[in-house]
Amino acid sequence: MNWKKVLIIGGIALALILIVGFTVAHNAQGVVGVQMGKVKAQDLTSTVTASGQIKPRTFVNIGANAMGKITKLYVKEGDHVARGAKLAQLENVQSAADVGAQRATLTANQADATAAEAGLNTAVAELNRDKADLVQKKLDYQRAEGLFQSELISKADYDARKAAYESAEAMVAEAQARIAQSKAQQQSAAGHVTSARAMLTRFADLLSKTTYTAPFDGTITNLPVHEGETVVIGIQNSPGSTIMTLSDLSVITAEVRVDETDIVNVKLGQPAEVTIDAIPKKTFHATVSEIGDNAIIRSTGLATSQSTTGSEEAKDFKVVVTLSDPPENLRPGLSCTAKITTATRSHVLAVPLQALTIRQAKDLVDNADKKNNVQAAPAASSGPDDPGKKELQGVFVVQNNKAKFVPVETGVAGVTDIEILSGLKESDTIVTGSYKVLRSLRNGARVKQEKIEERPPDEQKS
C-alpha cells in the first residue's frame, strides 16, 4: 500500500510540473529579449573632431627673386631675427655694375638737359635783342620813308634803311625758330633723363633682390639651402627655389580638415581642445579663428575651384583654431587633433543614440497578437505620396511589458547620447538595444529585460 501511495503522489507531482512548464513556455512565446534604460536629464556636448597639423598664424616662404649663387647666409635654422635684418646674399657683380653704368648715363643725360636749358635761355636772350633791334630799324625805316617822300634823302638811303628793317625782321624770325629748336632739345634731354632714371630704378631693384631681409620679427623654421648653392626663380608650372621659411611663433594655430557633413555646425569663436601627437597626455585650449569657404577634395588635396571636372569624392573644409597657451617647444608641422565644441546643453532629456530607429507609418501596427512577431506580407506597392510610406524617427517605450513606438524630435547629438526635444518624459523606460533587435522590433511586441553578460576585462580591452 505504501508503494502505491508513493507512485500516485509522484505521478501527481510530475503532472503538476509538466502543466507549469507548459504554461511558462506558452507565455514565453513571442516575448523578445531587449536591453532597457531610463530617459534621464543630463548635460550634452556636441563636438566635431578633425586632424591636421600645427602651423604658425603668420609665416612666409622666402623664395628666390633672382637666379644666382648664394654667397652668404647670415642666419641658421632656429635663429630669431628682427624685421629688416639681413638673411642671405646672392652674387651681385653684374647687377652692381649695371647700377653703376646707369648712374653714369643718368648723370650725362642730366648734363645734356642742363645744356639744353642753357641753350634755350640763350635763344630767348637773342630773340629779345633782335626784337629791340627790329624796333629801332622800324623807326629808322618809317623816318626814312617820310623823308624820301619829301625828297629830303636820296633813294639809296631810303633803300638801305628799308633793307635794314627787313633784315631785322628776318633776324627775329630766326631767333624764334632757334627758341623752338632749343625747347625741343630741352624736352628730348628731359626725356632721356626720365628714361635713364627709370632704368636706374630697374637695375637698383634687381640689385636689391640679391639681398634678402626679414619682412617681420620671427624665427627661421626651415633653411633648406647652403652657401654656394645656386637658386632659380619660378616659372610657369615650375616653382622657384625656397631659400628659407620665416615664422612668427608668438601665435600658434592648428590647421585641420573638417568633413563636409560637420562643417555646417562649426562657427567662429567656438572653443576647441587640441592634442598633439608629440606631446601626449596633454590638451591645449584653442578657439576657432578661421573657416575655409572652399571645399578640398580629400584624395588629391586640391580645392574644388582648382578642379576642372566635377567629383563625387569625399570633401573636407579647412578650419584654423588658435591655441591660447602654446608651449615654447612647439614646432610647425607636428600632427595634431582638434576637438571643436559646436553646441552644449545643460540638464536636458537624452537617450542613447542607438535607441533611435526609423519606421514607416504603415509598420506602426500593434502586432502583439501575431504569433512570434512574424511580419505580415507587404501590401501592394503604391505611389511615392502614400502616407503609409512616410518615415518616422522615434524610440520604443516599454509600457506593460510591450514596446510602443513613440515619434520624437531630437536636438543636439553628443558622443553617445542625443537630446530629446519632444515625445518623451523623464524616467520613461525605453528599449536601448541591441541593434539587431531594434532593427526588426515591431510596434506592440511583448518584451522582457535581457540579461547582459559581462565580458572579461581582457575581452573588453580588445
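Just so it is clear, the model here is predicted, and its values are computed rather than measured. (Residues numbered from 1 in each chain as written. Predicted model: local features only at pLDDT ≥ 70, side-chain atom pairs only at ≥ 80, totals over all residues. Heavy atoms only, no water.)

Chemist: Could you give an account of the overall build of the chain, with specific residues and numbers?
Modeler: Scanning the chain from N- to C-terminus turns up five helices and 20 strands. Out of the 462 residues in the chain, the part that is buried amounts to 31%. Taking contacts inside the chain between residues at least 6 apart in sequence as the whole, the part at least 24 apart equals 78%. In the form shown here, the chain has an accessible surface area of approximately 28,800 Å², with 53% of it arising from carbon and sulfur atoms. (Helix = DSSP H or I, 4+ residues; strand = E, 2+ residues; numbered from the N terminus. Buried < 20%, exposed > 50% of the residue type's maximum accessible area, 1.4 Å probe, protein only. Contact = heavy atoms within 4.5 Å. Areas by Shrake-Rupley, 256 points an atom, 1.4 Å probe, with all protein chains shown as cover.)

Chemist: Can you explain the nonpolar core? Please cite residues and give values.
Modeler: Formed by 25 residues in total, the largest nonpolar core has its most connected members in Val-258, Val-266, Val-274, Ile-276, Val-319 and Val-321. Ranked by residues supplied to this core, first place goes to strand β11 (residues 279-297) with five residues. In contact with Val-258, other than residues within four places in its own chain, are Val-48, Ala-50, Ile-263, Val-266, Lys-315, Asp-316, Phe-317 and Val-319. Membership of the second largest hydrophobic core comes to 19 residues, among which are Val-81, Leu-90, Met-244 and Leu-246. (Core = buried A, V, L, I, M, F, W, Y, C linked by side-chain atoms within 4.5 Å.)

Chemist: Tell me about the sheet that holds strand β3 (residues 68-73), and name the residues and values.
Modeler: The strand order across the open sheet built from four strands is β6-β5-β3-β8, with neighbouring strands paired in antiparallel fashion. Each edge of the open sheet is held by one strand with a lone partner, namely β6 (211-213) and β8 (230-231). Sheet analysis places strand β5 (residues 86-90) next to β6, joined by three bridges and oriented antiparallel. Bridging from a neighbouring strand, Ala-88 pairs with Tyr-212 of β6. (Pairing = 2+ DSSP bridges.)

Chemist: An account of the pattern of salt bridges is needed here, citing residue identities and associated values.
Modeler: Working definition: two side chains of opposite charge can pair if their charged atoms are close together. Going through the model one piece at a time under the given rule, you end up with 15 salt bridges. Note that Lys-55 is salt-bridged to Glu-255, the shortest N-O span being 3.4 Å. One end of the pair, Lys-55, is in strand β2 (residues 40-63); the other, Glu-255, is in strand β9 (residues 242-259), and 200 residues separate them in sequence. Using a relative accessible area of 22% as the deciding quantity, one classes Lys-55 as partly exposed. Take Glu-255: its relative accessible area is 25%, and that puts it in the partly exposed class. Here Asp-428 and Lys-425 are joined by a salt bridge, their closest N and O atoms 3.2 Å apart. Residue classification places Asp-428 among the buried positions, given a relative accessible area of 13%. Each of the salt bridges in this network shares a partner with another, and the network as a whole consists of Glu-126, Arg-129, Asp-130, Glu-174 and Arg-178. (Salt bridge = Lys/Arg side-chain N within 4 Å of Asp/Glu carboxyl O.)

Chemist: Before we move on, could you go through helix α2 (residues 93-149) and cite the residues and values that matter?
Modeler: Taking 1.5 Å as the rise per residue, α2 with 57 residues should run 84 Å; its terminal C-alpha atoms sit 83 Å apart, in good agreement. In the stretch just after α2, Glu-151 is the one whose phi turns positive, near 60°. (Expected span 1.5 Å × (residues − 1).)

Chemist: Describe the packing of aromatic side chains, naming the residues involved and giving the relevant values.
Modeler: Aromatic ring pairs are described here by two measures, namely the spacing of the ring centres and the angle between the planes. Counted under the stated rule, the structure contains four aromatic pairs. Ring centres of Tyr-141 and Tyr-165 lie 5.4 Å apart, and the angle between their planes is 5°; on these two criteria the pair is classed as stacked. A residue pair is termed long-range when its members are at least 10 positions apart, and Tyr-141 in helix α2 and Tyr-165 in helix α3 (residues 155-208) qualify at 24 residues. Accessibility classification places Tyr-141 together with Tyr-165 in one group, the buried group. (Phe/Tyr/Trp six-rings, centres within 6.5 Å; stacked < 30°, edge-to-face > 60°.)

Chemist: Which residues make up the side chain of Arg-359, and what values go with them?
Modeler: Along the chain, Arg-359 falls in strand β14 (residues 357-360). Judged by relative accessible area, Arg-359 falls into the buried class, the value being 10%. Looking at Arg-359, its side chain comes within polar contact range of the main-chain oxygen of Leu-438, at 2.5 Å. (Polar contact = N/O pair within 3.5 Å; in protein donor to acceptor, adjacent residues only side chain to side chain.)

Chemist: Explain the packing of α2 against α3 to me, and be specific about the residues and the numbers.
Modeler: Running from N to C, α2 and α3 point in directions that differ by 165°, and their axes come no closer than 6 Å. In this view, α2 runs roughly antiparallel relative to α3, as classed from their interaxial angle. In this structure, α2 meets α3 at a crossing whose hand is left-handed. Class assignment for the residues of the contact of α2 with α3 results in 32 nonpolar, eleven polar and 19 charged. (Axes fitted to C-alpha atoms, helices over the stretch in contact; angles between N-to-C directions. Parallel < 35°, antiparallel > 145°, perpendicular 65-115°, else oblique. Left-handed = near helix turned anticlockwise from the far one by under 90°. Nonpolar A, V, L, I, M, F, W, Y, C, P; charged D, E, K, R; others polar.)

Chemist: Tell me about α3, and please be specific about residues and values.
Modeler: Here α3 contains 54 residues, and its C-alpha end-to-end distance of 79 Å stays within 8% of the 80 Å for a straight helix at 1.5 Å per residue. Burial in α3 covers these residues: Tyr-158, Tyr-165, Ala-168, Val-172, Ala-175, Ile-179, Ser-182, Ala-189, Val-193, Ala-196, Leu-200 and Phe-203. Among the structural elements, α2 are those in contact with the buried residues of α3.

Chemist: Describe the pairing of β2, listing the residues and the values that go with them.
Modeler: Sheet topology places β2 next to strand β13 (residues 335-352); 13 bridges connect them, and they run antiparallel. By the bridge assignment, Gln-53 is partnered in β13 with Ser-335. Inspection of the sheet shows β2 paired to β9 by twelve bridges, in the antiparallel sense. Paired with Gly-63 across the two strands is Thr-242, which belongs to β9.

Chemist: Tell me about unusual backbone geometry, residues and numbers included.
Modeler: Omega for the bond connecting Gly-433 with Ser-434 falls within 30 degrees of zero, at -5°, which places this linkage in the cis form. Phi is positive for Lys-281, which is not a glycine, with a value near 60°.

Chemist: Please provide a residue-by-residue account of the side chain of Gln-102, values included.
Modeler: Relative to the elements of secondary structure, Gln-102 occurs in helix α2. Polar contacts involving the side chain of Gln-102 include one to the main-chain carbonyl oxygen of Ala-196, which spans 3.1 Å. Apart from residues lying up to four places away in sequence, Gln-102 is in contact with Ala-196, Met-199, Leu-200 and Phe-203.

Chemist: Talk me through the confidence of the model for the chain; I want residue IDs and the actual numbers.
Modeler: Here the chain averages 85 in pLDDT, and 86% of its residues register 70 or above. The low-confidence segment residues 23-28, where pLDDT is below 50, has one contact with residues more than four positions distant or belonging to other chains. When the criterion is pLDDT under 50, residues 367-381 qualifies, and its contacts beyond four places in sequence or with other chains add up to 14 contacts. (pLDDT = per-residue confidence, 0-100.)

Chemist: Please provide a residue-by-residue account of the pairing of strand β18 (residues 417-422), values included.
Modeler: The pairing of β13 with β18 spans three bridges and is classified as antiparallel. In the strand pairing of β18, Ala-350 is matched with Glu-419. Two strands pair when backbone bridges link them, and strand β17 (residues 409-413) and β18 are joined in this way by three bridges, in the antiparallel orientation. Bridge pairing links Glu-409 to Ser-422 in β18. Linking β17 back to β18 in an antiparallel pair, the connection comprises three residues.

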